[in-house]
Structure formats: C-alpha cells, structure tokens
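The lines below spell out each chain.
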Amino acid sequence: MVDYKSLGLVNTREMFKRAINGGYAIPAFNFNNMEQLQAIIKASSDLKSPVILQVSKGARNYANATLLRYMAQGAVAYAKELGCEHPEIALHLDHGDSFETCKSCVDYGFSSVMIDGSSLPYEENIALTKKVVDYAHQFDVTVEAELGVLAGVEDDVVAAESHYTKPEEVIDFATRTGCDSLAISIGTSHGAYKFTPEQCTRDPKTGKLIPPPLAFDVLDAIMEKLPGFPIVLHGSSSVPQEYVDIINEHGGKLPDAVGIPEEQLRKASKSAVCKINIDSDSRLAFTAAVRKTLAEKPGEFDPRKYCGPARDEMEKMYKHKITDVLGSDNKLAE
Ligand SMILES: [Zn+2]
C-alpha cells in the first residue's frame with residue numbers, strides 16, 4: 001500500500017472547492033510518456049496552476065503501473081525544482097472500469113480515481129460507484145463518477161451514441177454513492193472525431209465543420225439540483241485546426257477532425273464545471289510536431305530531435321489552455 005500523501009500528491013477536494021468558488025476549472029491532462037509529463041509539469045508549474053495528471057487503464061498498461069507511480073512522484077519533485085514550493089498535483093485514474101482497477105490504483109498511490117459505471121443500468125452504476133467510494137474514502141482518495149453517456153472513442157471506452165445526463169437523477173445518485181465529483185454528458189465527446197459531418201454545419205468560407213453547441217440548459221438544470229457540487233467534463237479537446245492541418249500537410253490523414261470550441265469551454269469553466277479533461281489535443285500537438293520535424297529533416301534519427309519539439313509544442317498548448325481557456329493560472333493555495 002502506497003499512501004499518495006507520501007508521494008507529495010493531493011486529492012481533488014480542495015482544488016475543486018476553490019475552482020467552483022473562483023469561477024475557473026482545473027486542467028486534467030492525460031499522460032503516458034515522459035515528454036507529456038514534462039510538458040504538463042513545466043506548463044502548470046510556470047503558471048502556478050493546480051493540475052490533475054490523468055492516467056487511463058490503457059496508459060497504465062503502456063507505461064507500467066510501478067514506473068508510473070515513480071513518474072508521478074518525480075513530477076512533484078520536478079515541480080518544486082521549477083519553483084513551485086507547494087505544487088498541487090493529483091494523480092487520477094481516468095475511466096476506471098471495475099472496483100479492482102480502482103482499488104489497485106488507490107493501493108498504488110493514486111490520489112483520485114474515476115469509476116465509470118455510465119454504461120451500466122442506473123442501480124448497478126450506483127452500487128459499483130458506492131463500493132469504490134467506500135474503499136477510496138478510507139484513504140482520503142477522491143472519487144469521480146459518471147452519469148449519462150458520451151459518444152466517441154477513448155482507449156477502451158467506446159460509445160456510438162450520447163445520452164445527456166438526466167438532471168432529475170443527480171441528487172439521488174450523488175447522495176446514495178457519496179461520490180466527490182460527477183462527470184456529465186452535455187454534448188462533449190471523446191476522441192478527435194467528436195461529431196459526424198451530419199451533426200455539424202460547414203463554414204462556407206473555409207469548408208471546416210462547425211460542431212453543435214453544448215447543452216448548457218442541461219448543465220444549468222444539474223447545477224440547480226446540486227448547488228456547489230463539482231462537475232466534470234470529459235472529451236473536451238478542441239482539436240485545433242492548425243495541428244490537423246500540419247498533420248495532413250505532412251503525410252497524415254485526419255479528414256474532418258473536429259472538437260469543442262474553446263469559447264464554450266471558457267463559459268463552462270466559469271460554472272460548477274471544475275475539471276476539464278484534455279487528451280486528444282496533446283496527441284495532436286505531439287503528432288503534428290513529430291510529422292513536421294521528420295518531414296523537414298528526413299535524415300534525423302535521434303528521438304530527442306523530434307520528441308523535443310513535440311514536447312515544446314505540447315507545453316505551449318497546455319499553457320494556452322491553462323491561461324486562455326480554463327483560467328487556472330496563479331491559483332495555487334499558498
Ligand atoms: Zn473520458
């Protein structure tokens with residue numbers, strides 16, 4: 001059993017409370033390699049932002065669970081070296097699919113876990129979530145649950161259709177499970193293809209897709225039922241068209257990739273939405289930089305020479321999200 005506090009990590013309780021009261025959102029950036037972790041810590045430390053290091057089950061398998069724990073511990077030390085005396089870094093399991101996965105993460109030093117029972121019947125979702133909450137809370141680990149279904153593909157999580165969260169269910173669900181935060185479905189979606197062309201309109205000038213707006217009326221209704229309760233948005237990458245263009249201009253093939261406009265995320269950040277998940281955008285930044293570097297320097301074979309620019313591009317993107325979209329800069333507790 002590894003206590004996350006001994007690793008220098010924090011759970012999400014305090015950072016969420018401040019984010020709701022302060023009208024901003026905490027970034028939850030997924031990572032599975034060293035360059036992503038470096039970029040996340042550099043960006044959040046330079047900007048004095050709390051941050052959630054998010055790991056999916058697939059990423060945990062990719063990086064190795066033991067190594068990952070030490071990477072998170074190293075991240076805290078690195079943040080201090082960068083001048084953050086008291087960094088606020090949470091290590092969070094994204095889309096835990098079973099009690100066993102969540103328990104394993106709690107036992108391995110995670111400070112927060114998500115149990116995703118959203119594909120289960122309502123009562124089964126409640127039972128599973130409560131079981132995880134009962135275990136995690138013994139160790140002061142915070143638990144995110146999910147109600148409603150997001151469309152899209154993310155590692156092992158696949159759903160063809162989305163179903164908005166039903167506001168009439170949230171009080172019962174939050175009370176009976178004891179979860180600390182709730183991921184909801186209001187039209188965000190996993191992956192780089194969040195919407196089909198049929199769901200979008202097309203900009204007549206550029207030919208680019210314009211996605212349908214988020215269901216802020218559903219969010220408002222949920223906030224009315226659960227005032228001050230931390231709400232989480234998954235699938236909230238914006239799929240920057242400049243990255244898509246760079247990828248497509250350098251041998252890639254991402255036709256009609258489309259994300260959530262930053263303006264809508266900015267609006268959501270000011271509400272009870274206090275955690276916004278961003279994964280695809282860092283994948284796109286990484287891939288765009290690698291493709292461009294290798295195309296321009298075909299003789300290059302030192303991974304540092306193309307992973308380095310990829311890391312710089314991700315750091316730039318993370319900083320932009322923190323400062324210009326979520327507003328979590330200069331929000332450390334001290
Ligand atoms: Zn998700």
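The structure we're discussing is the one just above.
Note that the coordinates shown come from a computational prediction; the quantities given were computed from them, not determined experimentally.

Draft legend 1. Quick peek at the nonpolar core. Membership of the largest hydrophobic core comes to 95 residues, with the highest contact counts inside it found for Phe31, Leu53 and Val113. Ranked by residues supplied to this core, first place goes to helix 12 (residues 303-326) with eight residues. Apart from the residues within four sequence positions on either side, Val113 is in contact with His92, Leu93, Cys102, Cys105, Val106, Val132, Val141, Thr142, Val143 and Glu144. Counting 10 residues, the second-largest nonpolar core is a separate cluster that includes Phe16, Ala19, Ile52 and Ala90.

Draft legend 2. Highlighting the coordination of the zinc ion. In the first shell of the zinc ion, the protein supplies His95 (NE2), His190 (NE2) and His234 (ND1), at 2.0 to 2.1 Å from the metal. Read N to C, the donor residues that coordinate the zinc ion are spaced as H-x94-H-x43-H. Linking His95 in strand 3 (residues 89-96) with His234 in the loop between strand 12 (231-233) and helix 9 (241-249), this pair joins segments that are 139 residues apart in sequence. Judged by relative accessible area, which is 7%, His95 ranks as buried. By relative accessible area, which is 1% here, His234 ends up buried.

Draft legend 3. Spatial organisation of the packing of aromatic side chains. Applying the stated criterion to the full structure yields four aromatic pairs. Relative to Tyr135, the ring of Phe99 lies with its centre 5.8 Å away and its plane at 80 degrees, an arrangement referred to as edge-to-face. Of this pair, Phe99 sits in helix 5 (residues 99-107) while Tyr135 sits in helix 6 (residues 122-137); the two residues are 36 residues apart in sequence, bridging distant segments of the chain. Pair check on accessibility: Phe99 and Tyr135 agree, each one buried. Among the aromatic residues, those joined into a ring-pair cluster are Phe99, Tyr135 and Phe139. Above the ring of Phe216, the side-chain terminus of Lys267 is found at 4.0 Å from the ring centroid.

Draft legend 4. Structural view of unusual backbone geometry. Phi is positive for Lys48, close to 55 degrees, though the residue is something other than glycine. The residue Lys48 is located in the loop between helix 2 (34-46) and strand 2 (51-56) in this model. The backbone of Asp256 sits at a positive phi, close to 55 degrees, despite the residue not being glycine. Topologically, Asp256 is positioned in the loop between helix 9 and helix 10 (262-269). The class for Asp256 is partly exposed, based on a relative accessible area of 34%.

Draft legend 5. Molecular detail of the packing of helix 6 against helix 7 (residues 170-177). Direction vectors running N to C along helix 6 and helix 7 enclose 35 degrees, while the axes themselves pass 8 Å from each other. Where helix 6 crosses over helix 7, the two elements pack in a sense that is right-handed. Two secondary-structure elements touch here, helix 6 through Tyr122, Glu123, Asn125, Ile126, Thr129, Lys130 and Val133 and helix 7 through Asp172, Phe173, Arg176 and Thr177. Across the contact of helix 6 with helix 7, the residue classes break down as four nonpolar, three polar and four charged.

Draft legend 6. Molecular detail of the state of the cysteines. Counted by the stated rule, this structure contains zero disulfides. Just so you know, Cys105 is unpaired, no disulfide at all, and the nearest cysteine sulfur is the one on Cys102, 6.8 Å from it. Assessed through its relative accessible area of 0%, Cys105 is described here as buried.

About the cut-offs
Every chain is numbered on its own, with residues counted from 1 as its sequence reads. Only residues with pLDDT of 70 or above have their local features reported here, since the model is predicted, and side-chain atom pairs are shown and tallied only from 80 upward, although totals for entire chains, interfaces and linings are computed over all residues. By convention in this description, side-chain values take in all heavy atoms of the structure and omit both hydrogens and water. In these notes, a set of buried Ala, Val, Leu, Ile, Met, Phe, Trp, Tyr and Cys residues joined through side-chain atoms within 4.5 Å is what counts as a nonpolar core. Burial here depends on accessible area, computed with a 1.4 Å probe over protein chains only, as a share of the maximum for the residue type. Under 20% is buried, over 50% is exposed, and the range in between is partly exposed. Strands here mean DSSP runs of E at least two residues long; helices mean DSSP runs of H or I at least four residues long; both are numbered from the N terminus. It only takes one pair of heavy atoms within 4.5 Å for two residues to be counted as in contact. In this listing, donors mean N, O and S atoms no farther than 2.8 Å from the metal, or 3.2 Å for Na, K and Ca; water is missing from the atoms, so a site can look incomplete. Ring pairs are drawn from Phe, Tyr and Trp, using the six-membered ring of Trp, whenever the two centres fall within 6.5 Å, and their geometry is named by plane angle: stacked under 30 degrees, edge-to-face over 60, tilted for the rest. Any Lys NZ or Arg CZ found within 6 Å of a ring centre and within 35 degrees of that ring's normal is scored as a charge over the ring. Each axis is a line fitted through C-alpha atoms, taken for helices only over the stretch in contact, and angles between the N-to-C directions span 0 to 180 degrees. Put simply, a crossing is left-handed when the front helix is turned counterclockwise from the back one by less than a right angle, and right-handed when it is turned clockwise. In this classification, the charged set is Asp, Glu, Lys and Arg, the nonpolar set is Ala, Val, Leu, Ile, Met, Phe, Trp, Tyr, Cys and Pro, and all remaining amino acids, among them Gly, are polar. The disulfide criterion used throughout: a pair of cysteine sulfur atoms within 2.5 Å.

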